[in-house]
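# Structural description and commentary
If you want the building blocks of each chain, they are given just below.
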Amino acid sequence: MSKKSRRNSTLIASGLIATFVLSACAGNSAAPQANATKVDGGTIVYGHQQEPACVFGGWIEQAYLSSNVLDGLVSLDSDHKVVPWLADSWSVSSDQLTWTLGLKSGVKFTDGTPLTAGVVAYNFDYWVGGGNSTAKVWLDGYYKSATAIDDQTVQITLSQPYPRLIDNLTQGYFGIQSQHALETRTKEENCEAPIGSGAFVVKTWNRGTDIILDRNKDYTSPPANAKHTGPAYVDSIDWKFIADPTTRSASLTSGETNVIYDVPAIDWKKLGDAGFQLEKYVTPGRPQQLTFNTQQGPFVDEQVRQAFAYSLDRKTLVDTIGQGVIPFEGNGGVSKATPGYSQKAADTYTFDLDKANSLLDAAGWSAKNSDGYREKDGTVLEVVLPYGAGSIINADGASILQGVQEQAKSAGFKVKLIPVPQSELFSGAYSAPDQKDISVGYWTAVTSGILWINYRPSTADNPNYSNDAFVSDQTLADLITKANGISDVDAQNAVYEQAQEYIADHALSIGLYDRLSSLAVSPSLKDVWQENAQGGPIFYDAYFVK
(Lines give C-alpha, C1' and ligand atoms only; values in the text may rest on other atoms or scores of the structure.)
Protein backbone atom coordinates (compact mmCIF):
# COMPACT_ATOMS: atom_id res chain seq x y z
CA MET A 1 0.00 0.00 0.00
CA SER A 2 1.43 3.36 -1.00
CA LYS A 3 1.82 6.18 1.48
CA LYS A 4 -1.03 8.01 -0.26
CA SER A 5 -3.28 4.97 -0.08
CA ARG A 6 -2.55 4.47 3.58
CA ARG A 7 -3.47 8.10 4.20
CA ASN A 8 -6.81 7.74 2.44
CA SER A 9 -7.54 4.56 4.34
CA THR A 10 -6.85 6.35 7.58
CA LEU A 11 -9.28 9.11 6.69
CA ILE A 12 -11.96 6.63 5.64
CA ALA A 13 -11.51 4.72 8.86
CA SER A 14 -11.67 7.97 10.78
CA GLY A 15 -14.98 8.70 9.05
CA LEU A 16 -16.42 5.37 10.10
CA ILE A 17 -15.66 6.03 13.74
CA ALA A 18 -16.15 9.77 13.63
CA THR A 19 -18.83 9.92 16.30
CA PHE A 20 -16.56 8.11 18.70
CA VAL A 21 -13.56 10.27 17.80
CA LEU A 22 -15.45 13.51 18.35
CA SER A 23 -16.73 12.32 21.70
CA ALA A 24 -13.35 11.05 22.76
CA CYS A 25 -11.56 14.25 21.75
CA ALA A 26 -13.92 16.65 23.49
CA GLY A 27 -11.76 18.77 25.76
CA ASN A 28 -8.63 17.10 24.37
CA SER A 29 -7.69 19.25 21.38
CA ALA A 30 -4.00 19.50 22.29
CA ALA A 31 -4.33 23.17 23.14
CA PRO A 32 -0.96 24.90 23.37
CA GLN A 33 0.41 26.03 26.70
CA ALA A 34 -0.37 29.56 27.83
CA ASN A 35 3.25 30.52 27.22
CA ALA A 36 3.31 28.99 23.73
CA THR A 37 5.28 31.07 21.26
CA LYS A 38 5.11 31.66 17.54
CA VAL A 39 7.16 29.42 15.29
CA ASP A 40 8.11 30.23 11.72
CA GLY A 41 7.42 27.83 8.89
CA GLY A 42 5.39 24.63 8.85
CA THR A 43 2.62 23.36 6.62
CA ILE A 44 -1.05 24.10 7.18
CA VAL A 45 -3.11 21.03 6.35
CA TYR A 46 -6.55 22.29 5.34
CA GLY A 47 -9.58 20.10 4.67
CA HIS A 48 -11.93 21.58 2.06
CA GLN A 49 -15.09 20.01 0.71
CA GLN A 50 -15.22 20.61 -3.05
CA GLU A 51 -12.50 20.07 -5.66
CA PRO A 52 -12.91 22.50 -8.56
CA ALA A 53 -11.90 21.86 -12.15
CA CYS A 54 -9.41 24.77 -12.15
CA VAL A 55 -7.71 26.83 -9.45
CA PHE A 56 -9.13 29.97 -11.02
CA GLY A 57 -12.72 30.38 -12.22
CA GLY A 58 -16.26 31.56 -11.63
CA TRP A 59 -17.27 29.31 -8.71
CA ILE A 60 -16.81 30.60 -5.19
CA GLU A 61 -14.87 27.47 -4.24
CA GLN A 62 -12.37 28.50 -6.93
CA ALA A 63 -12.30 32.07 -5.62
CA TYR A 64 -11.46 30.77 -2.15
CA LEU A 65 -8.51 28.88 -3.59
CA SER A 66 -7.29 31.46 -6.10
CA SER A 67 -7.40 34.30 -3.55
CA ASN A 68 -4.35 32.72 -1.92
CA VAL A 69 -2.52 32.76 -5.27
CA LEU A 70 -3.84 35.81 -7.15
CA ASP A 71 -3.90 39.30 -5.68
CA GLY A 72 -6.97 41.43 -6.36
CA LEU A 73 -7.11 45.11 -7.14
CA VAL A 74 -9.00 45.95 -3.95
CA SER A 75 -10.16 44.25 -0.77
CA LEU A 76 -13.09 44.68 1.60
CA ASP A 77 -12.53 45.34 5.30
CA SER A 78 -14.76 44.26 8.18
CA ASP A 79 -16.73 47.53 7.97
CA HIS A 80 -17.58 46.82 4.32
CA LYS A 81 -15.17 49.55 3.25
CA VAL A 82 -13.11 49.06 0.10
CA VAL A 83 -9.38 49.19 0.89
CA PRO A 84 -6.26 49.03 -1.33
CA TRP A 85 -4.64 45.86 -2.61
CA LEU A 86 -2.85 46.02 -5.96
CA ALA A 87 -4.63 49.33 -6.58
CA ASP A 88 -3.67 51.96 -4.01
CA SER A 89 -6.02 54.67 -5.30
CA TRP A 90 -9.20 54.99 -7.34
CA SER A 91 -11.67 57.65 -8.41
CA VAL A 92 -14.72 57.92 -10.62
CA SER A 93 -15.81 60.73 -12.93
CA SER A 94 -18.86 62.85 -12.10
CA ASP A 95 -20.92 61.00 -14.74
CA GLN A 96 -19.93 57.65 -13.15
CA LEU A 97 -18.65 56.38 -16.49
CA THR A 98 -14.87 56.52 -16.05
CA TRP A 99 -12.96 54.84 -13.24
CA THR A 100 -9.25 55.59 -12.76
CA LEU A 101 -7.13 53.20 -10.69
CA GLY A 102 -3.54 53.84 -9.55
CA LEU A 103 -1.41 50.72 -9.04
CA LYS A 104 1.25 49.86 -6.49
CA SER A 105 4.75 50.11 -7.91
CA GLY A 106 7.36 47.37 -7.79
CA VAL A 107 4.94 44.43 -7.78
CA LYS A 108 6.00 41.37 -9.78
CA PHE A 109 4.18 38.20 -10.75
CA THR A 110 5.83 34.94 -9.76
CA ASP A 111 7.03 34.46 -13.35
CA GLY A 112 9.12 37.62 -12.94
CA THR A 113 7.02 39.92 -15.12
CA PRO A 114 5.91 43.27 -13.65
CA LEU A 115 2.42 44.38 -12.71
CA THR A 116 1.51 47.23 -15.06
CA ALA A 117 -1.63 49.07 -16.05
CA GLY A 118 -1.47 47.28 -19.40
CA VAL A 119 -1.62 43.92 -17.63
CA VAL A 120 -4.66 44.98 -15.61
CA ALA A 121 -6.40 46.22 -18.76
CA TYR A 122 -5.60 42.88 -20.41
CA ASN A 123 -7.19 41.03 -17.46
CA PHE A 124 -10.44 43.01 -17.84
CA ASP A 125 -10.64 42.06 -21.51
CA TYR A 126 -9.72 38.48 -20.62
CA TRP A 127 -12.61 38.24 -18.14
CA VAL A 128 -15.29 39.63 -20.43
CA GLY A 129 -13.88 37.52 -23.26
CA GLY A 130 -14.79 34.39 -21.30
CA GLY A 131 -11.74 33.98 -19.06
CA ASN A 132 -13.96 34.07 -15.98
CA SER A 133 -17.67 33.48 -16.35
CA THR A 134 -18.63 35.17 -13.09
CA ALA A 135 -16.42 38.22 -13.59
CA LYS A 136 -18.00 38.50 -17.03
CA VAL A 137 -21.61 38.53 -15.82
CA TRP A 138 -20.75 41.20 -13.26
CA LEU A 139 -19.33 43.42 -16.00
CA ASP A 140 -21.79 42.55 -18.77
CA GLY A 141 -23.87 45.50 -19.91
CA TYR A 142 -21.57 48.00 -18.18
CA TYR A 143 -17.96 47.40 -19.22
CA LYS A 144 -16.81 49.18 -22.35
CA SER A 145 -13.01 49.23 -22.29
CA ALA A 146 -9.85 49.31 -20.16
CA THR A 147 -6.86 51.46 -21.11
CA ALA A 148 -3.38 51.98 -19.66
CA ILE A 149 -2.90 55.72 -19.13
CA ASP A 150 0.68 55.08 -18.03
CA ASP A 151 2.52 52.14 -16.45
CA GLN A 152 0.78 52.58 -13.10
CA THR A 153 -2.59 54.04 -14.07
CA VAL A 154 -5.46 52.16 -15.68
CA GLN A 155 -8.74 53.67 -16.84
CA ILE A 156 -11.96 51.66 -16.94
CA THR A 157 -14.68 53.07 -19.20
CA LEU A 158 -18.30 52.04 -18.73
CA SER A 159 -21.27 52.28 -21.07
CA GLN A 160 -23.65 53.24 -18.25
CA PRO A 161 -23.16 54.32 -14.62
CA TYR A 162 -22.21 51.60 -12.15
CA PRO A 163 -21.33 53.32 -8.86
CA ARG A 164 -20.62 50.07 -6.99
CA LEU A 165 -18.06 48.74 -9.49
CA ILE A 166 -15.20 49.11 -7.04
CA ASP A 167 -17.10 47.14 -4.37
CA ASN A 168 -17.69 44.28 -6.78
CA LEU A 169 -14.01 44.11 -7.71
CA THR A 170 -13.26 42.93 -4.14
CA GLN A 171 -14.58 39.46 -5.04
CA GLY A 172 -12.08 36.70 -5.70
CA TYR A 173 -13.17 36.29 -9.33
CA PHE A 174 -11.22 39.45 -10.16
CA GLY A 175 -7.75 38.15 -9.25
CA ILE A 176 -5.06 39.57 -11.54
CA GLN A 177 -2.97 37.10 -13.56
CA SER A 178 0.28 37.51 -15.45
CA GLN A 179 -0.47 38.56 -19.00
CA HIS A 180 2.72 36.81 -20.12
CA ALA A 181 1.49 33.55 -18.58
CA LEU A 182 -1.98 33.85 -20.09
CA GLU A 183 -0.50 34.49 -23.53
CA THR A 184 2.34 31.95 -23.56
CA ARG A 185 1.15 28.98 -21.48
CA THR A 186 -1.53 26.47 -22.39
CA LYS A 187 -5.07 26.80 -21.07
CA GLU A 188 -4.49 23.67 -18.99
CA GLU A 189 -1.31 25.10 -17.43
CA ASN A 190 -3.09 28.30 -16.42
CA CYS A 191 -6.03 26.26 -15.13
CA GLU A 192 -3.93 24.11 -12.83
CA ALA A 193 -1.37 26.68 -11.73
CA PRO A 194 -2.31 30.29 -12.59
CA ILE A 195 0.47 32.84 -12.26
CA GLY A 196 -0.29 35.73 -9.95
CA SER A 197 1.55 37.97 -7.53
CA GLY A 198 -0.09 36.39 -4.47
CA ALA A 199 1.22 35.12 -1.15
CA PHE A 200 1.38 31.50 -2.38
CA VAL A 201 2.15 29.69 -5.62
CA VAL A 202 0.75 26.38 -6.84
CA LYS A 203 3.41 23.69 -6.55
CA THR A 204 1.50 20.51 -7.42
CA TRP A 205 -2.08 19.34 -7.88
CA ASN A 206 -2.72 15.71 -7.04
CA ARG A 207 -6.15 15.36 -8.63
CA GLY A 208 -8.67 13.85 -6.28
CA THR A 209 -6.46 14.36 -3.24
CA ASP A 210 -4.91 17.80 -2.68
CA ILE A 211 -3.16 20.89 -3.99
CA ILE A 212 0.14 21.99 -2.50
CA LEU A 213 0.68 25.76 -2.29
CA ASP A 214 4.18 27.02 -1.50
CA ARG A 215 4.97 30.37 0.07
CA ASN A 216 5.92 33.16 -2.34
CA LYS A 217 9.19 34.22 -0.68
CA ASP A 218 9.26 37.50 -2.60
CA TYR A 219 5.72 38.58 -1.71
CA THR A 220 5.33 42.36 -1.37
CA SER A 221 1.68 43.17 -2.03
CA PRO A 222 -0.74 42.16 0.76
CA PRO A 223 -4.09 43.95 0.99
CA ALA A 224 -4.38 46.89 3.37
CA ASN A 225 -6.51 44.84 5.77
CA ALA A 226 -3.88 42.09 6.20
CA LYS A 227 -2.22 41.78 9.59
CA HIS A 228 1.40 41.98 8.46
CA THR A 229 3.59 42.69 5.45
CA GLY A 230 6.22 40.57 3.71
CA PRO A 231 5.99 36.84 2.89
CA ALA A 232 3.55 34.47 4.61
CA TYR A 233 4.72 32.95 7.91
CA VAL A 234 4.12 29.31 6.97
CA ASP A 235 6.08 27.42 4.33
CA SER A 236 3.14 25.84 2.56
CA ILE A 237 -0.53 24.86 2.53
CA ASP A 238 -1.70 21.31 1.87
CA TRP A 239 -5.21 22.05 0.50
CA LYS A 240 -6.90 18.67 0.84
CA PHE A 241 -10.25 17.70 -0.67
CA ILE A 242 -12.34 15.79 1.88
CA ALA A 243 -15.88 15.59 0.58
CA ASP A 244 -17.48 13.68 3.43
CA PRO A 245 -18.40 16.03 6.31
CA THR A 246 -17.98 13.41 9.02
CA THR A 247 -14.56 12.48 7.74
CA ARG A 248 -13.61 16.15 7.59
CA SER A 249 -14.49 16.69 11.23
CA ALA A 250 -12.69 13.52 12.26
CA SER A 251 -9.56 14.58 10.38
CA LEU A 252 -9.42 17.72 12.54
CA THR A 253 -9.92 16.01 15.86
CA SER A 254 -7.41 13.30 14.97
CA GLY A 255 -4.80 15.92 14.05
CA GLU A 256 -4.61 14.99 10.38
CA THR A 257 -5.74 18.50 9.46
CA ASN A 258 -5.22 21.88 11.15
CA VAL A 259 -8.29 23.57 9.64
CA ILE A 260 -11.50 22.32 8.07
CA TYR A 261 -14.12 24.09 5.97
CA ASP A 262 -17.92 23.71 6.03
CA VAL A 263 -18.25 22.45 9.58
CA PRO A 264 -21.30 20.14 9.88
CA ALA A 265 -23.99 21.65 12.11
CA ILE A 266 -24.09 18.51 14.24
CA ASP A 267 -20.36 18.88 15.06
CA TRP A 268 -20.31 22.64 15.66
CA LYS A 269 -20.81 22.69 19.43
CA LYS A 270 -18.67 19.61 20.05
CA LEU A 271 -15.72 21.13 18.21
CA GLY A 272 -16.15 24.42 20.04
CA ASP A 273 -16.32 22.65 23.40
CA ALA A 274 -13.15 20.77 22.47
CA GLY A 275 -11.26 24.04 22.08
CA PHE A 276 -11.22 24.47 18.32
CA GLN A 277 -11.62 28.04 17.02
CA LEU A 278 -14.89 28.36 15.11
CA GLU A 279 -15.47 30.94 12.38
CA LYS A 280 -18.82 31.47 10.66
CA TYR A 281 -19.44 33.89 7.80
CA VAL A 282 -22.87 34.45 6.22
CA THR A 283 -22.14 35.18 2.59
CA PRO A 284 -23.86 38.28 1.18
CA GLY A 285 -25.73 37.88 -2.09
CA ARG A 286 -28.34 35.31 -3.00
CA PRO A 287 -29.02 32.87 -0.13
CA GLN A 288 -29.79 29.19 -0.54
CA GLN A 289 -33.28 29.58 -2.00
CA LEU A 290 -35.89 27.99 -4.23
CA THR A 291 -36.58 29.61 -7.60
CA PHE A 292 -39.71 28.60 -9.49
CA ASN A 293 -39.83 27.94 -13.22
CA THR A 294 -42.28 30.55 -14.54
CA GLN A 295 -42.01 29.44 -18.17
CA GLN A 296 -43.12 25.79 -18.12
CA GLY A 297 -44.92 23.44 -15.75
CA PRO A 298 -47.29 24.02 -12.82
CA PHE A 299 -45.39 27.01 -11.43
CA VAL A 300 -46.34 29.14 -14.43
CA ASP A 301 -49.42 29.81 -12.29
CA GLU A 302 -48.52 32.35 -9.59
CA GLN A 303 -51.13 30.84 -7.25
CA VAL A 304 -49.33 27.49 -7.36
CA ARG A 305 -46.00 29.16 -6.56
CA GLN A 306 -47.57 30.94 -3.61
CA ALA A 307 -49.24 27.71 -2.46
CA PHE A 308 -45.86 25.95 -2.40
CA ALA A 309 -44.43 28.80 -0.31
CA TYR A 310 -47.31 28.65 2.18
CA SER A 311 -47.08 24.86 2.44
CA LEU A 312 -43.59 25.03 4.00
CA ASP A 313 -42.65 25.72 7.61
CA ARG A 314 -39.18 26.71 6.47
CA LYS A 315 -37.98 28.29 9.71
CA THR A 316 -38.79 25.26 11.85
CA LEU A 317 -37.20 22.99 9.27
CA VAL A 318 -33.97 24.99 9.08
CA ASP A 319 -33.78 25.56 12.83
CA THR A 320 -34.19 21.83 13.46
CA ILE A 321 -31.59 20.61 10.97
CA GLY A 322 -29.32 23.62 11.35
CA GLN A 323 -29.20 23.26 15.15
CA GLY A 324 -28.82 26.99 15.65
CA VAL A 325 -25.77 27.13 13.38
CA ILE A 326 -27.47 27.57 10.01
CA PRO A 327 -29.67 30.72 9.94
CA PHE A 328 -33.13 30.61 8.40
CA GLU A 329 -33.54 33.01 5.50
CA GLY A 330 -36.99 33.84 4.15
CA ASN A 331 -35.87 36.30 1.48
CA GLY A 332 -35.35 34.66 -1.90
CA GLY A 333 -33.60 37.68 -3.41
CA VAL A 334 -30.65 38.38 -1.12
CA SER A 335 -29.41 37.24 2.27
CA LYS A 336 -29.60 39.35 5.41
CA ALA A 337 -25.84 39.95 5.18
CA THR A 338 -26.37 41.92 1.97
CA PRO A 339 -26.59 45.74 1.92
CA GLY A 340 -30.11 46.72 0.87
CA TYR A 341 -31.80 43.66 2.43
CA SER A 342 -35.63 43.74 2.73
CA GLN A 343 -37.08 42.16 5.85
CA LYS A 344 -40.55 42.75 4.37
CA ALA A 345 -39.70 40.46 1.47
CA ALA A 346 -38.36 37.86 3.90
CA ASP A 347 -41.62 37.90 5.89
CA THR A 348 -44.00 37.56 2.93
CA TYR A 349 -44.73 33.85 3.38
CA THR A 350 -45.20 32.08 6.69
CA PHE A 351 -46.47 28.54 7.08
CA ASP A 352 -50.23 28.43 6.37
CA LEU A 353 -51.44 25.06 5.09
CA ASP A 354 -55.05 26.22 4.81
CA LYS A 355 -54.03 29.06 2.53
CA ALA A 356 -51.88 26.70 0.47
CA ASN A 357 -54.85 24.36 0.01
CA SER A 358 -57.19 27.21 -0.95
CA LEU A 359 -54.75 28.51 -3.56
CA LEU A 360 -54.34 25.06 -5.10
CA ASP A 361 -58.11 24.55 -5.20
CA ALA A 362 -58.51 27.92 -6.93
CA ALA A 363 -55.80 26.96 -9.43
CA GLY A 364 -57.73 23.85 -10.40
CA TRP A 365 -55.58 21.31 -8.51
CA SER A 366 -58.58 20.29 -6.40
CA ALA A 367 -58.56 16.49 -6.71
CA LYS A 368 -56.29 14.17 -4.74
CA ASN A 369 -55.22 10.63 -5.62
CA SER A 370 -54.92 7.71 -3.23
CA ASP A 371 -51.35 8.73 -2.33
CA GLY A 372 -52.48 12.21 -1.25
CA TYR A 373 -51.04 14.03 -4.25
CA ARG A 374 -53.14 16.60 -6.06
CA GLU A 375 -54.27 16.11 -9.64
CA LYS A 376 -55.65 18.28 -12.42
CA ASP A 377 -57.19 16.78 -15.55
CA GLY A 378 -55.59 13.46 -14.60
CA THR A 379 -52.09 14.92 -14.19
CA VAL A 380 -50.34 14.57 -10.83
CA LEU A 381 -48.93 17.74 -9.29
CA GLU A 382 -45.32 16.52 -9.51
CA VAL A 383 -42.46 19.02 -9.50
CA VAL A 384 -38.81 18.26 -10.25
CA LEU A 385 -36.15 19.69 -7.94
CA PRO A 386 -32.58 18.82 -8.98
CA TYR A 387 -29.68 19.91 -6.76
CA GLY A 388 -25.90 19.90 -6.89
CA ALA A 389 -25.14 17.20 -4.33
CA GLY A 390 -21.87 17.81 -2.52
CA SER A 391 -21.08 20.91 -4.55
CA ILE A 392 -23.79 23.58 -4.25
CA ILE A 393 -25.77 21.71 -1.56
CA ASN A 394 -23.91 20.10 1.33
CA ALA A 395 -25.15 17.30 3.56
CA ASP A 396 -27.09 19.65 5.87
CA GLY A 397 -28.68 21.29 2.84
CA ALA A 398 -29.70 17.93 1.39
CA SER A 399 -31.46 17.13 4.67
CA ILE A 400 -33.31 20.45 4.49
CA LEU A 401 -34.46 19.65 0.94
CA GLN A 402 -35.77 16.29 2.12
CA GLY A 403 -37.75 18.23 4.73
CA VAL A 404 -39.13 20.47 1.99
CA GLN A 405 -40.24 17.37 0.12
CA GLU A 406 -42.09 16.04 3.16
CA GLN A 407 -43.73 19.34 4.10
CA ALA A 408 -44.95 20.09 0.57
CA LYS A 409 -46.60 16.66 0.44
CA SER A 410 -49.07 17.84 3.10
CA ALA A 411 -50.52 20.26 0.57
CA GLY A 412 -50.49 17.65 -2.19
CA PHE A 413 -47.21 18.43 -4.01
CA LYS A 414 -45.12 15.46 -5.18
CA VAL A 415 -41.57 16.78 -5.06
CA LYS A 416 -39.05 14.72 -7.02
CA LEU A 417 -35.57 15.36 -5.61
CA ILE A 418 -32.71 14.61 -7.99
CA PRO A 419 -29.14 14.74 -6.61
CA VAL A 420 -26.87 15.81 -9.47
CA PRO A 421 -23.12 15.07 -9.37
CA GLN A 422 -20.78 18.06 -9.66
CA SER A 423 -19.47 17.08 -13.09
CA GLU A 424 -22.97 16.79 -14.56
CA LEU A 425 -24.19 19.98 -12.92
CA PHE A 426 -21.33 22.06 -14.31
CA SER A 427 -21.78 20.46 -17.71
CA GLY A 428 -25.25 21.98 -17.90
CA ALA A 429 -27.49 19.19 -16.65
CA TYR A 430 -30.94 20.37 -15.54
CA SER A 431 -30.40 23.93 -16.73
CA ALA A 432 -33.20 24.16 -19.30
CA PRO A 433 -36.83 25.10 -18.51
CA ASP A 434 -38.12 21.70 -19.66
CA GLN A 435 -35.83 19.88 -17.21
CA LYS A 436 -36.84 21.29 -13.83
CA ASP A 437 -39.59 23.06 -11.92
CA ILE A 438 -37.55 24.38 -9.02
CA SER A 439 -33.91 25.53 -8.87
CA VAL A 440 -32.01 25.62 -5.61
CA GLY A 441 -28.73 27.41 -4.99
CA TYR A 442 -26.92 30.57 -3.99
CA TRP A 443 -24.84 33.29 -5.58
CA THR A 444 -22.43 35.28 -3.44
CA ALA A 445 -22.12 39.03 -3.91
CA VAL A 446 -21.17 42.14 -1.94
CA THR A 447 -24.19 44.23 -3.06
CA SER A 448 -27.80 43.65 -4.00
CA GLY A 449 -26.67 44.16 -7.58
CA ILE A 450 -26.72 40.36 -7.77
CA LEU A 451 -30.44 40.78 -8.54
CA TRP A 452 -29.49 41.99 -12.02
CA ILE A 453 -27.54 38.83 -12.71
CA ASN A 454 -30.34 36.58 -11.47
CA TYR A 455 -33.30 38.42 -13.03
CA ARG A 456 -32.01 40.17 -16.15
CA PRO A 457 -34.39 39.14 -18.95
CA SER A 458 -32.83 36.63 -21.30
CA THR A 459 -32.92 37.41 -25.01
CA ALA A 460 -31.77 35.53 -28.09
CA ASP A 461 -28.94 38.03 -28.63
CA ASN A 462 -28.01 38.24 -24.96
CA PRO A 463 -29.05 35.06 -23.12
CA ASN A 464 -29.02 35.01 -19.33
CA TYR A 465 -28.21 31.52 -18.09
CA SER A 466 -28.37 32.75 -14.48
CA ASN A 467 -32.10 33.57 -14.71
CA ASP A 468 -33.38 30.36 -13.10
CA ALA A 469 -36.97 31.64 -12.99
CA PHE A 470 -36.83 31.97 -16.79
CA VAL A 471 -38.74 35.19 -16.21
CA SER A 472 -38.83 38.24 -18.45
CA ASP A 473 -40.41 40.97 -16.36
CA GLN A 474 -39.71 44.51 -17.49
CA THR A 475 -41.05 46.08 -14.27
CA LEU A 476 -38.57 44.07 -12.22
CA ALA A 477 -35.74 44.68 -14.67
CA ASP A 478 -36.39 48.43 -14.58
CA LEU A 479 -36.30 48.49 -10.78
CA ILE A 480 -32.96 46.68 -10.64
CA THR A 481 -31.28 48.71 -13.39
CA LYS A 482 -32.50 51.90 -11.74
CA ALA A 483 -30.93 50.81 -8.44
CA ASN A 484 -27.67 49.77 -10.10
CA GLY A 485 -27.21 53.31 -11.43
CA ILE A 486 -27.86 55.24 -8.19
CA SER A 487 -24.72 56.55 -6.50
CA ASP A 488 -26.28 57.40 -3.11
CA VAL A 489 -26.08 54.13 -1.18
CA ASP A 490 -29.22 54.62 0.93
CA ALA A 491 -31.30 55.65 -2.09
CA GLN A 492 -29.89 52.73 -4.05
CA ASN A 493 -30.70 50.22 -1.33
CA ALA A 494 -34.28 51.52 -1.06
CA VAL A 495 -34.89 50.61 -4.71
CA TYR A 496 -33.17 47.24 -4.29
CA GLU A 497 -35.63 46.57 -1.45
CA GLN A 498 -38.55 47.32 -3.78
CA ALA A 499 -37.15 44.78 -6.24
CA GLN A 500 -36.92 42.09 -3.55
CA GLU A 501 -40.50 42.75 -2.48
CA TYR A 502 -41.64 42.46 -6.10
CA ILE A 503 -39.87 39.08 -6.32
CA ALA A 504 -41.59 37.94 -3.10
CA ASP A 505 -45.04 39.24 -4.06
CA HIS A 506 -44.94 37.28 -7.30
CA ALA A 507 -43.32 34.25 -5.63
CA LEU A 508 -40.50 34.08 -8.14
CA SER A 509 -38.30 32.65 -5.41
CA ILE A 510 -38.41 32.04 -1.67
CA GLY A 511 -35.50 31.81 0.75
CA LEU A 512 -34.47 28.72 2.69
CA TYR A 513 -31.26 29.36 4.63
CA ASP A 514 -28.21 31.56 4.60
CA ARG A 515 -25.19 30.15 2.86
CA LEU A 516 -22.32 29.82 5.31
CA SER A 517 -18.59 29.72 4.99
CA SER A 518 -17.49 28.09 8.23
CA LEU A 519 -14.11 27.04 9.60
CA ALA A 520 -12.87 25.04 12.57
CA VAL A 521 -9.22 25.76 13.42
CA SER A 522 -6.76 23.93 15.65
CA PRO A 523 -5.77 25.98 18.72
CA SER A 524 -2.13 25.56 17.70
CA LEU A 525 -2.73 27.64 14.58
CA LYS A 526 -3.32 31.37 14.97
CA ASP A 527 -4.59 34.26 12.84
CA VAL A 528 -6.54 32.31 10.25
CA TRP A 529 -9.29 34.68 9.14
CA GLN A 530 -12.02 34.95 6.56
CA GLU A 531 -11.93 37.66 3.95
CA ASN A 532 -14.90 40.01 4.03
CA ALA A 533 -16.23 39.82 0.47
CA GLN A 534 -17.00 36.10 0.30
CA GLY A 535 -15.73 34.49 3.50
CA GLY A 536 -12.80 32.58 2.02
CA PRO A 537 -10.06 31.32 4.34
CA ILE A 538 -6.96 33.54 4.46
CA PHE A 539 -3.75 31.80 5.48
CA TYR A 540 -1.30 34.60 4.69
CA ASP A 541 -1.21 35.84 8.31
CA ALA A 542 -1.47 32.41 9.91
CA TYR A 543 1.27 30.90 12.08
CA PHE A 544 1.77 27.96 14.41
CA VAL A 545 2.52 28.18 18.12
CA LYS A 546 4.03 25.63 20.46
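Structural data are supplied above this passage.
Just so it is clear, the model here is predicted, and its values are computed rather than measured. (Residues numbered from 1 in each chain as written. Predicted model: local features only at pLDDT ≥ 70, side-chain atom pairs only at ≥ 80, totals over all residues. Heavy atoms only, no water.)

## So, the sheet that holds strand E6 (residues 98-103)
The strand order across the open sheet built from four strands is E5-E6-E8-E7, with neighbouring strands paired in antiparallel fashion. A strand with exactly one partner marks an edge of an open sheet, and here the two such strands are strand E5 (87-92) and strand E7 (143-150). This sheet shows a mean twist of 20° between the axes of neighbouring strands, independent of strand direction. With five bridges connecting them, E5 and E6 associate as antiparallel partners. What sits directly across from Trp90, in E6, is Leu101. The strands touched by helix H4 (residues 117-131) are E6, E7 and strand E8 (153-158); relative to E7, the strand with the most contacts, the crossing angle is about 170°. (Pairing = 2+ DSSP bridges. Helix = DSSP H or I, 4+ residues; strand = E, 2+ residues; numbered from the N terminus. Axes fitted to C-alpha atoms, helices over the stretch in contact; angles between N-to-C directions. Contact = heavy atoms within 4.5 Å.)

## Re the sheet that holds strand E2 (residues 43-48)
Taken in spatial order, the seven strands line up as E9-E10-E11-E2-E12-E22-E13 in an open sheet, and their pairing is mixed. Across the chains shown, the open sheet's two edge strands, defined by having one partner strand only, are strand E9 (200-206) and strand E13 (277-282). Each strand axis lies, on average, 20° off the axis of its neighbour in the sheet, ignoring direction. Each of E2, strand E12 (259-261) and strand E22 (516-521) touches helix H9 (residues 245-253); the most contacted strand, E12, lies at about 165° to it. Sitting on the sheet, helix H10 (residues 265-273) touches E12, E13 and E22, and the angle it makes with E13 is about 140°.

## Side note on the pairing of strand E11 (residues 236-241)
Counting buried positions along E11 yields six of six residues, so the element is predominantly enclosed. Neither face of E11 is open: one carries Ser236, Asp238 and Lys240, the other Ile237, Trp239 and Phe241, and all of them are buried. As judged from the six bridges shared by E2 and E11, these two strands associate in the parallel manner. Its bridge partner lying in E11, Tyr46 is registered against Trp239. (Buried < 20%, exposed > 50% of the residue type's maximum accessible area, 1.4 Å probe, protein only.)

## What about the environment of Thr291?
Here Thr291 is to be found in strand E14 (residues 285-292). For Thr291 and Gly42, which are 249 residues apart along the polypeptide, the C-alpha to C-alpha distance reads 45 Å. Those residues in contact with Thr291, other than ones at most four positions away along the chain, are Arg286, Asp437, Ile438, Ser439, Asp468, Ala469, Leu508 and Ser509. A polar contact is formed between the side chain of Thr291 and the side chain of Gln289, at a distance of 2.5 Å. (Polar contact = N/O pair within 3.5 Å; in protein donor to acceptor, adjacent residues only side chain to side chain.)

## Remarks on the side chain of Ser524
One can find Ser524 in the loop between E22 and strand E23 (525-526). Since its relative accessible area comes to 18%, Ser524 is described here as buried. Among the polar contacts listed, one links the side chain of Ser524 to the side chain of Ser522, at a separation of 2.9 Å. Excluding its chain neighbours within four sequence positions, the residues that come into contact with Ser524 are Pro32, Tyr543, Phe544 and Val545.

## Topic: the packing of helix H18 (residues 474-484) against helix H19 (residues 489-505)
The interhelical angle for the contact between H18 and H19, taken along N-to-C directions, is 160°, at an axis separation of 8 Å. Viewed along their axes, H18 and H19 adopt a mutual orientation that is roughly antiparallel. Crossing handedness for the pair H18 and H19: left-handed. Facing H18, whose interface residues are Thr475, Leu476, Leu479, Ile480, Lys482, Ala483 and Asn484, H19 presents Gln492, Val495, Tyr496, Gln498, Ala499, Tyr502 and Ile503. Broken down by class, the residue content of the contact of H18 with H19 amounts to nine nonpolar, four polar and one charged. (Parallel < 35°, antiparallel > 145°, perpendicular 65-115°, else oblique. Left-handed = near helix turned anticlockwise from the far one by under 90°. Nonpolar A, V, L, I, M, F, W, Y, C, P; charged D, E, K, R; others polar.)

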